[in-house]
Amino acid sequence: MDDAKIDVKQILNFEGFREARIVECEIIKLGANGDGLAVHRLHDLPEGSQERTNAIGSSRIEVLVVPFVVPGDKVKVKLYKAQTYYQLCDLVEIVEASPDRDDSLVNCQYFAKCSGCQFQMMPYDKQLLHKQKVIENAYKYFSQLPTDLVPAVDPCVASPLKYNYRTKLTPHFDVPRKKALTELPPIGFGMKGRSVVVDIEECSIGTPVINQGMKEQREIVKDKWASYKRGVTILLRENTSRAANDDVASESKACVTDPKQIITEFVNNYRFEFPAGSFFQNNNSILPLITDYVRNNLRLSAESTDGPKYLVDAYCGSGLFSITCSTGVESVIGVEISADSVRYAEINAKLNNVQNTKFIVGEAEKIFANSLTPANETSVILDPPRKGCDSVFLDQLITYLPKKIVYISCNVHSQ
Ligand SMILES: C[S@@+](CC[C@H](N)C(=O)[O-])C[C@H]1O[C@@H](n2cnc3c(N)ncnc32)[C@H](O)[C@@H]1O
């Protein structure tokens, strides 16, 4: 796949949909979710008309939302769905490429059809700048902070692996309701903007072992597709084995498909076990950087003199941050809604010989139900699910007023 040179023009998300309005436009910027934004001038408003008096400009315009583009691209797009304030579009053709576009970087034959990736045509340093901008804008426009309190945002830290990093993938296929399949269905991931599955044989962001698992699972479905009565989501999760926690040379990997099977991941020689179907971060290559980053921000490094005495790890899962941040503090208390994950957090603490952690099952706010360590000596790690923390928890957190909060977010807009 590394050698693949993809002609983006050949795979644009265009064929197969009914005719709709096609227009040309220039992409002005990327929105927070990665789609491009363009303004399309429809027609001039009549001189002296009420419409023109009320309008900001002299023309009626529409905002177009276009996937798989970079600012500066001049493109032909097809409008397929009108929303209240904008039109969703398919990208039909790059009429004139932006200097920030480099299609030779695309290394997946499904790019611009599959909804899994957005930026393969953008140099990685530009992708990181875009992510930084998303965070800056979130603070600027949504935090309601006075301008002088809006913080500067540091440059994004790069992932060591740009491709072949995902240790978990869940390809799926659909079976029409109350109908039998008449042929092998497409097995893969959702098409951008449509509820249709794109048939995917290899995923350029999955690890090699996950891709081998995908190949094997596709063969199994091929053998028995006619027997499926409903759609199936296939779990592909990478399992790592080592003779000892720090014996990297002995490492071997396998793909697990049973959600209940217990698997292992290593992070900086810490060992984590958890059921294959439960939550664990999906890019193992960046976990040493993230856990070090969290530790440094909590001021837990050996040189720090102003670190906390105690830690709270809200939404602790199977203990990733509780355990990797446990040295240098007196105690860590983790809270997590999944009893199964808490069980594995306890197992993981033992596996890593960590003795100052305690885990409780419950909604994150349960942490405030018991007498908690003194707020001025306690820092909090927050790693909630995509929807963010709820107000019950946040209100109590604000009242508690810990020494420091380190927030790990997979969606800056949910806070
Ligand atoms: C993004 S994961 C983070 C897990 C862990 N920090 C890690 O990195 O492996 C979010 C976790 O929050 C848990 N969760 C979801 N809602 C919760 C709630 N209301 N209270 C506590 N935990 C919750 C989920 O079960 C999941 O394990």
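Residues numbered from 1 in each chain as written. Predicted model: local features only at pLDDT ≥ 70, side-chain atom pairs only at ≥ 80, totals over all residues. Heavy atoms only, no water.

The protein chain goes by S-adenosyl-L-methionine-dependent methyltransferase in an unreviewed UniProt entry, where it is assigned to Nadsonia fulvescens var. elongata DSM 6958.

Regarding the nonpolar core
Counting 43 residues, the largest nonpolar core has Leu64, Val66, Val75, Val77, Leu91, Phe111 and Ile200 as the members making the most contacts within it. Those elements that provide at least two residues to this core are β1 (22-26), β4 (59-66), β5 (74-82), β6 (87-96) and α3 (208-224). The contact partners of Val66, leaving out residues within four places of it in the chain, are Ile27, Asp35, Gly36, Val77, Cys89 and Leu91. Leu298, Leu311, Phe321 and Ile323 belong to the second largest nonpolar core, which has 29 residues in total. (Core = buried A, V, L, I, M, F, W, Y, C linked by side-chain atoms within 4.5 Å. Buried < 20%, exposed > 50% of the residue type's maximum accessible area, 1.4 Å probe, protein only. Helix = DSSP H or I, 4+ residues; strand = E, 2+ residues; numbered from the N terminus. Contact = heavy atoms within 4.5 Å.)

A short note on unusual backbone geometry
Of note in this structure, Lys178 is not a glycine but carries a positive phi near 55°. Lys178 gets classed as exposed once you look at its relative accessible area, which sits at 85%. A positive phi angle is found at Tyr315, which is not glycine, with a value near 60°. For Tyr315, the position within the fold is in the loop between β16 (310-314) and α5 (320-324).

Overview of the packing of aromatic side chains
The relative placement of two aromatic rings is captured by the distance of their centres and the angle of their planes. Tallying each qualifying case throughout the model produces seven aromatic pairs. With centroids separated by 4.4 Å and ring planes inclined at 10°, the aromatic side chains of Phe274 and Phe280 adopt a geometry described as stacked. The exposure class assigned to Phe274 is buried, which follows from its relative accessible area of 0%. Ring geometry for Phe368 and Phe393: centres 5.7 Å apart, planes at 40°, overall tilted. One end of the pair, Phe368, is in the loop between β18 (357-361) and β19 (378-382); the other, Phe393, is in helix α7 (residues 391-400), and 25 residues separate them in sequence. Its relative accessible area of 17% is what places Phe368 among the buried residues. Here the aromatic residues Tyr315, Phe368, Phe393 and Tyr400 are joined through ring pairs into a cluster of three or more. Positioned above the aromatic ring of Tyr80, the side-chain terminus of Arg194 is 3.8 Å from the ring centre. (Phe/Tyr/Trp six-rings, centres within 6.5 Å; stacked < 30°, edge-to-face > 60°. Lys NZ or Arg CZ within 6 Å of the ring centre and 35° of its normal.)

Here we look at the UniProt feature "active site" (unreviewed entry) in the protein chain
Here the UniProt feature "active site" (unreviewed entry) sits at Cys410. Tracing the backbone shows Cys410 in the segment after β20 (404-407). (UniProt positions renumbered as here; feature names shortened; annotations may be inferred.)

Some points on the UniProt feature "binding site: S-adenosyl-L-methionine" (unreviewed entry) in the protein chain
What UniProt calls "binding site: S-adenosyl-L-methionine" (unreviewed entry) maps, in this numbering, to Gln281, Tyr315, Glu336 and Asp383. Residue placement: Gln281 occurs in the loop between β15 (270-275) and α4 (287-297). Not counting the four nearest positions on each side in its chain, Gln281 is found in contact with Thr167, Arg237, Glu265, Leu287, Leu320, Phe321 and Asp383. Position of Glu336 among the secondary structure elements: in strand β17 (residues 331-336). The exposure class assigned to Glu336 is buried, which follows from its relative accessible area of 12%. Here Glu336 is in contact with Tyr315, Cys316, Gly317, Ser341, Val342, Ile360, Val361 and Gly362, once residues within four sequence places are set aside.

Side note on the site of the ligand
Taken together, 15 residues lie near the ligand, and Gln281, Glu336, Glu363, Ala364 and Asp383 sit nearest. The contact in question runs from a nitrogen atom of the ligand to an N or O atom on the backbone of Tyr315, over 3.1 Å. Within the side chain of Asp383, a nitrogen or oxygen atom sits 2.9 Å from a nitrogen atom of the ligand. In isolation the ligand exposes 600 Å². Once the protein is present, 89% of that is buried. (Near = heavy atom within 4 Å. Polar contact = N/O pair within 3.5 Å; in protein donor to acceptor, adjacent residues only side chain to side chain. Areas by Shrake-Rupley, 256 points an atom, 1.4 Å probe, with all protein chains shown as cover.)

What to know about the sheet that holds β6
Here we have six strands laid out as an open sheet, ordered β1-β5-β6-β4-β3-β2, and mixed in their pairing. At either end of the open sheet lies a strand with only one pairing partner, and these are β1 and β2 (29-30). Pairing of β4 with β6, which is carried by two bridges, proceeds in the parallel orientation. By the bridge assignment for β6, Leu64 is matched with Gln87. (Pairing = 2+ DSSP bridges.)

With respect to the side chain of Glu238
Checked against the element boundaries, Glu238 lands in strand β12 (residues 236-241). A relative accessible area of 5% places Glu238 in the buried class. Excluding anything up to four places from it in sequence, Glu238 contacts Thr167, Thr207, Val209, Ile210, Lys253, Ala254, Ile263 and Thr264.

Points about the sheet that holds β17
Pairing within the open sheet is parallel, and its five strands lie in the order β18-β17-β16-β19-β20. Taken across any chain shown, the strands that pair with only one partner, and hence form the sheet edges, are β18 and β20. On average, each strand axis in the sheet is tilted by 15° relative to the strand beside it, whichever way the strands run. When β16 meets β19, the two strands line up parallel, connected through five bridges. Considered in β19, the bridge of Asp313 is made with Ile381. Packed on one face of the sheet, helix α6 (residues 339-351) meets β17 and β18 and runs near 170° to β18. Contacting β16, β19 and β20, α7 crosses the sheet at an angle of about 160° to β19. (Axes fitted to C-alpha atoms, helices over the stretch in contact; angles between N-to-C directions.)

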